[in-house]
Amino acid sequence: MHLANRRSLVTAVTAACSAVALCAALTGCAPQPEEKTKTSGQAGATTGACAPGGLATEIEGKLTVGTDKPAYAPWFSDDEPSNGKGFESAVAYAVAKRLGYARDAVVWQHVPFNSAFAPGAKKFDFDINQVSISESRKKAVAFSSGYYDVRQAVVALKSSKAAGAKSTADLKDVKLGAQVGTTSLEFINDRVKPTTKPAVYQRNDFAKSALKTGQVDAIVVDLPTAFYITGAEVPEAKVVGQFTNSSDDAEQFGLVLDKESTLTSCVSGAVDALRKDGTLAALEKEWLSDAVDAPVLK
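Report follows, based on the coordinates. (Residues numbered from 1 in each chain as written. Predicted model: local features only at pLDDT ≥ 70, side-chain atom pairs only at ≥ 80, totals over all residues. Heavy atoms only, no water.)

**A short note on the sheet that holds strand S7 (residues 199-201)**
Part 1: Across the sheet, six strands lie side by side as S7-S6-S8-S5-S9-S11; this open sheet has mixed pairing. Of all the strands in the sheet, the pair left with one neighbour each is S7 and strand S11 (296-297).
Part 2: Where strand S5 (residues 152-157) meets strand S8 (residues 218-222), five bridges bridge the pair, whose relative direction is antiparallel. Directly across from Val-154, in S8, lies its bridge partner Val-220.
Part 3: Packed onto the sheet, helix H5 (residues 204-212) meets S5, strand S6 (176-179), S7, S8 and strand S9 (237-243) and runs at close to 145° relative to S8. (Pairing = 2+ DSSP bridges. Helix = DSSP H or I, 4+ residues; strand = E, 2+ residues; numbered from the N terminus. Contact = heavy atoms within 4.5 Å. Axes fitted to C-alpha atoms, helices over the stretch in contact; angles between N-to-C directions.)

**Quick look at the state of the cysteines**
Part 1: In total, this model carries one disulfide according to the counting rule given.
Part 2: Paired through a disulfide, Cys-50 and Cys-266 show a sulfur-sulfur distance of 2.0 Å. Judged by the torsion about the S-S bond (-90°), the Cys-50/Cys-266 disulfide is left-handed. Of the two residues, Cys-50 sits in the loop between helix H1 (3-27) and strand S1 (63-67) while Cys-266 sits in helix H7 (residues 264-276), which places them 216 residues apart along the sequence. (Disulfide = S-S within 2.5 Å.)

**Re empty space enclosed by the protein**
To find leftover empty space, one rolls a probe the size of a water molecule over the atoms.
Part 1: Considering all chains together, one arrives at two cavities of 30 Å³ or more under this definition.
Part 2: Lining the largest cavity are 21 residues, with Phe-113, Gln-130, Gln-179, Thr-182 and Asn-204 sitting closest to its centre.
Part 3: Elements that contribute at least two residues to the lining of the largest cavity include exactly helix H4 (183-192) and S8.
Part 4: For the lining of the largest cavity, the element with the most residues is S8, which contributes three residues.
Part 5: Residue classes in the lining of the largest cavity are distributed as six nonpolar, ten polar and five charged.
Part 6: By volume, the second largest cavity is sized at about 50 Å³.
Part 7: Residue lining of the second largest cavity: Tyr-72, Ala-73, Asn-204, Lys-208, Thr-225, Tyr-228, Ile-229 and Glu-233, and that is the complete set.
Part 8: Sorting the residues of the lining of the second largest cavity by element identifies H5 and helix H6 (223-233) as the ones contributing at least two each. (1 Å grid on protein atoms, 1.4 Å probe; cavity = no way out; pocket = protein on both sides within 12 Å on 5 of 7 lines; lining within 4 Å. Points joined across faces, edges and corners; volume = space filled by probe spheres on them. Nonpolar A, V, L, I, M, F, W, Y, C, P; charged D, E, K, R; others polar.)

Right under this line is the structure:
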């Protein structure tokens, strides 16, 4: 090779190598594979990762939402989560819209209540089923920001000895019941501390049946459910009262996600935006308007 040509080649190679080194040092510009599937960590923490309709979901281009069956009113309507009726169905679609997914891109999946926050990988992008955020549950799953502020309430037959309770102390000697795995059951054990061990049921339907037949004196559920039970399902029952929440034990429902979900920050951002712009308050007024007044049990 001619000496001049050899010098030109060396010069060009050196310049190219210097450019690559500089690029790598300044920006890390080596090509990166496009993310197609969910990965561990919180990749959703960056704004760019929350691109509308472009999240790393279970089904590409779709948003899979889990909930239990039957899906109870007033959280859902006619046991059909996909109809957009009921508070939680409406919230799910509002969150989906914020994330860039149209109504027909939302896929509903049956997930038993306790399975939603049990340890293990999930097949949903998020679950919505009156699951209260708690530190113990956070050990197994991730939660979005709270979408509903919860109060627990007591429901009893009007003829029951629990019907006249005015305070927590008045409930200590009555037979109480609640659904397994719920904060309602925790509330009985931790706040009321009854002398008789509470009855535990797999589903609220079973708890309501026990109430009707007098197997328990009263059941504990969240306040909107209490009003629905007394207004539509067990008219011979009444809402005895509600419990207040202190700042230390304020309870909120949150959307449940896989512990390692990359979507958590995006979903929380959507919930926060819906709270800020008044959407959550409007949906609460539309679907849970009855749950506004009940005596407070001191």
